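In case you want the letters, here they are:
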Amino acid sequence: MSIEVIRPGLLSTVQDEGRMGFRRYGIHPGGVMDTFAARAANALVGNSRDAAVLEMTMTGPELRFHDNLLISLCGADLTATVDGLPVPLWRPVALLAGSVLRFGRCRSGLRSYLAIAGGIAVPEIMGSRSTDLKTGFGGFEGRALKGGDRLFAGEASREAQAALHGWSVEAEKSNRRMHASAWYLSSREWPAYHAEPVIRVMPGKDRAAFNEDSLERFHKERYVISPQSDRMGYRLEGAKLKLELGQPMDRLSEAVTYGTVQVPADGQPIILMADHQTIGGYPVIAQVARVDLPILAQARPGTRVAFERITYEEAQQLFIEQELEWRLTDQLIRRRLAEMGDHQ
């Protein structure tokens, strides 16, 4: 079961939930930027949460499907079409052999995730199929996709195969190459994707080193995500943050992670993202709560963001609540997919 890349899009890479346990060797986890959208896309086609997906940034690729496949698209709206018909997001969709999936302008968000029943079959390296662009390994030949590449799908679940068969018959009856399910994941279940998001942060280890004016401005004023932002980090433009007199800007390097907010010498914060380095020496003013990382992942350059201070205990409770809600949602999705398969 193969997919041909006709055009690659701006930045299309194979990703999963990341490469864990290798920080001591200087290898960051990487993986998908929007963990929620990727996890939802996988659930909608009957995959495990760590199956490899295609992460597409701002401009999607053009893909030809050489076999009938069950897919889902979650995250940013890149105006996907098949034969000129819009492909709906956040639901399973059966595509027939010969279908060409195209993407247009980005209507909302920044990153879209394409999941295929069975996952994208690429070699597992250090426990992950994610593409590490900085070091050039993992994913598809360690790089972003380019024209002429061919991706292959793994073995789909029994439920996904049954649903694909039934929906493929429906597509053929209607003389179309696509059939989308009537049910979908409601926006009520998504993270709070907004045009000007408020991101919840916990105090960083060096918070006390910043003067009171800087701390107040960091939480009261909005910052703009700079065009000089990527999977490694988001550079922010806004109120300049300063340390208390006598506090050194350069410090011993310490561990950093996805969502760490560093402040370099120019006083403009940097939020470390999925492809962040493993250690850093800039003062850390804050740490983004894990539940809000998907929201940041969908924020484009030029987006204005604000930061709301919460405690570590509040962040932990938010994460627990999100995980419990997702488990229930995941069970409902898989039950519905199984029911569709049983009806075929």
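Preceding this paragraph is the structure being described.
Notes on the structure follow. This is a predicted model, so every value here is computed, not measured.

### As for the sheet that holds strand β12 (residues 178-180)
- Judged by pairing direction, the sheet is antiparallel, and its six strands sit side by side in the order β2-β3-β10-β5-β8-β12 without closing on themselves. Every other strand in the sheet has two partners, leaving β2 (11-15) and β12 as the edge strands with one partner each. Strand-to-strand twist of the sheet, defined as the mean angle between neighbouring strand axes without regard to direction, takes the value 25°.
- For β2 and strand β3 (residues 53-57), the ladder comprises five bridges, and the chain directions are antiparallel. By the bridge assignment, Q15 is partnered in β3 with V53.
- Sitting on the sheet, helix α1 (residues 35-44) is in contact with β3, β5 (69-77), β8 (92-95) and β10 (108-116), with an inclination near 155° to β5.

### Overview of the packing of aromatic side chains
- Applying the stated rule across the entire model yields eight aromatic pairs.
- One aromatic cluster is present, formed by F36, W90, W190, Y193 and W326 through successive ring pairs.

### Description of the sheet that holds strand β15 (residues 233-237)
- In space, the seven strands of this closed barrel follow the order β13-β20-β17-β18-β15-β14-β21, with mixed pairing throughout. Each strand of the sheet is rotated relative to its neighbour by a mean of 40°, with strand direction disregarded.
- Packing against the sheet, helix α3 (residues 212-220) makes contact with β13 (198-203), β14 (223-225), β17 (260-262), β20 (284-288) and β21 (304-309), and its axis sits at approximately 120° to β21.

### Section: unusual backbone geometry
- A positive phi angle, close to 65°, is found at M58, a residue other than glycine.
- Within the secondary structure, M58 is located in the loop between β3 and β4 (62-65).

### Some words on the pairing of strand β1 (residues 2-7)
- With three bridges connecting them, β1 and strand β11 (residues 150-152) associate as antiparallel partners. Across the sheet, residue E4 finds its bridge partner in β11, namely R150.
- Note that β1 and β4 share four bridges and pair antiparallel. Within β4, the position partnered with V5 by the bridge is L63.

### Structural notes on helix α2 (residues 158-173)
- Relative to the 22 Å expected for 16 residues at 1.5 Å per residue, α2 spans 23 Å between its end C-alpha atoms, a close match to the ideal helical length.
- Residue N175 follows α2 closely and has a positive phi angle near 60°.

### As for the side chain of D330
- Summarising the element assignment, D330 is placed in helix α5 (residues 312-342).
- A polar side-chain atom of D330 sits 2.9 Å from a polar atom in the side chain of R334.

### A few points about the state of the cysteines
- All chains considered together, the criterion is met by zero disulfides.
- Cysteine C74 shares no disulfide, and the gap to the nearest cysteine sulfur, in C106, comes to 15 Å.
- Taking relative accessible area as the criterion, C74 reaches 0% and is therefore assigned buried.

Reading the values: the criteria
Residues numbered from 1 in each chain as written. Predicted model: local features only at pLDDT ≥ 70, side-chain atom pairs only at ≥ 80, totals over all residues. Heavy atoms only, no water. Pairing = 2+ DSSP bridges. Helix = DSSP H or I, 4+ residues; strand = E, 2+ residues; numbered from the N terminus. Axes fitted to C-alpha atoms, helices over the stretch in contact; angles between N-to-C directions. Contact = heavy atoms within 4.5 Å. Phe/Tyr/Trp six-rings, centres within 6.5 Å; stacked < 30°, edge-to-face > 60°. Expected span 1.5 Å × (residues − 1). Polar contact = N/O pair within 3.5 Å; in protein donor to acceptor, adjacent residues only side chain to side chain. Disulfide = S-S within 2.5 Å. Buried < 20%, exposed > 50% of the residue type's maximum accessible area, 1.4 Å probe, protein only.

So, to be careful, I would describe these as geometric facts and stop short of saying anything about function.
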